[in-house]
Amino acid sequence: TEEAIELLREAIAKVPPQFSLSQLYQFCAELMAREKRTKEAIELLREGITNVPPGLNLFSLYQFCAELMTRENRTGEAIKLLREGITKVPPHFSGYRLVESLLYLATAAGNHELLQKMAIAGGTPVLAPEGRALAAVFLLQARGDWVGAAEEARRGRSLRPTYMALCGQEAFSWLAGK
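Residues numbered from 1 in each chain as written. Predicted model: local features only at pLDDT ≥ 70, side-chain atom pairs only at ≥ 80, totals over all residues. Heavy atoms only, no water.

Participant: Sorry, what's going on with the overall build of the chain here?
Facilitator: On a plain count of helices and strands, the chain comes out with ten helices and zero strands. Along the chain direction, N to C, the helices and strands of the chain fall in the order α-α-α-α-α-α-α-α-α-α. Taken along the three principal axes of its C-alpha coordinates, the chain extends 55 × 30 × 25 Å. A buried classification covers 44% of the 178 residues belonging to the chain. Long-range pairs, those at least 24 residues apart, make up 51% of the contacts in the chain between residues at least 6 apart in sequence. (Helix = DSSP H or I, 4+ residues; strand = E, 2+ residues; numbered from the N terminus. Buried < 20%, exposed > 50% of the residue type's maximum accessible area, 1.4 Å probe, protein only. Contact = heavy atoms within 4.5 Å.)

Next up, the structure:
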């Protein structure tokens, strides 16, 4: 494994971003994490975040870095990183996935203040209406208002009918509310 990590590090130093550089960063970080070198993997992913343009799979580096931080009980840092990511990765480059990750993590951490900010004002100018709706759904679920959550998810789906995160939360809320 060490040889693979070293080879990947060499490739990272030589490969231009347009030739799957983000995948090299991610694969190398995955190997490091498997070897219990999580701190080093996080540092590598942070490096990748500065070197990979938004349109070349940058969102995946933010997501994996936040996941590793969460595994290390660094949830606050992970939330901060994801908030940064949603300002740098536009929705059409999978930035919406960072929004989802942020909202799920905030919900799991019981950070209702952040959910409230995201639901009302979006918490950032780049948050799409369906992301605000998802934040509102999680808040309503946290309060035990399952019917309200299902109705909010349905309203959000009217803005983007194929948005699976809202579809799933609507179905879940209807089932939990019965």
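Still more to cover.
Participant: Honestly, the pattern of salt bridges in this entry has me stumped. Any pointers?
Facilitator: One pass over the structure, following the stated rule, counts ten salt bridges. Across the pair Glu40 and Arg37 runs a salt bridge, and its minimum N-O distance is 2.8 Å. When the shortest N-O distance is used, the salt bridge between Lys117 and Glu113 registers 3.7 Å. With Lys117 and Glu113 both in helix H7 (residues 112-120), this residue pair falls four residues apart, about one helical turn. Residue classification places Lys117 among the partly exposed residues on the basis of a relative accessible area of 43%. With relative accessibility at 56%, the residue Glu113 sits in the exposed group. Salt bridges sharing partners connect three or more residues here, namely Glu2, Arg9, Arg37 and Glu40. (Salt bridge = Lys/Arg side-chain N within 4 Å of Asp/Glu carboxyl O.)

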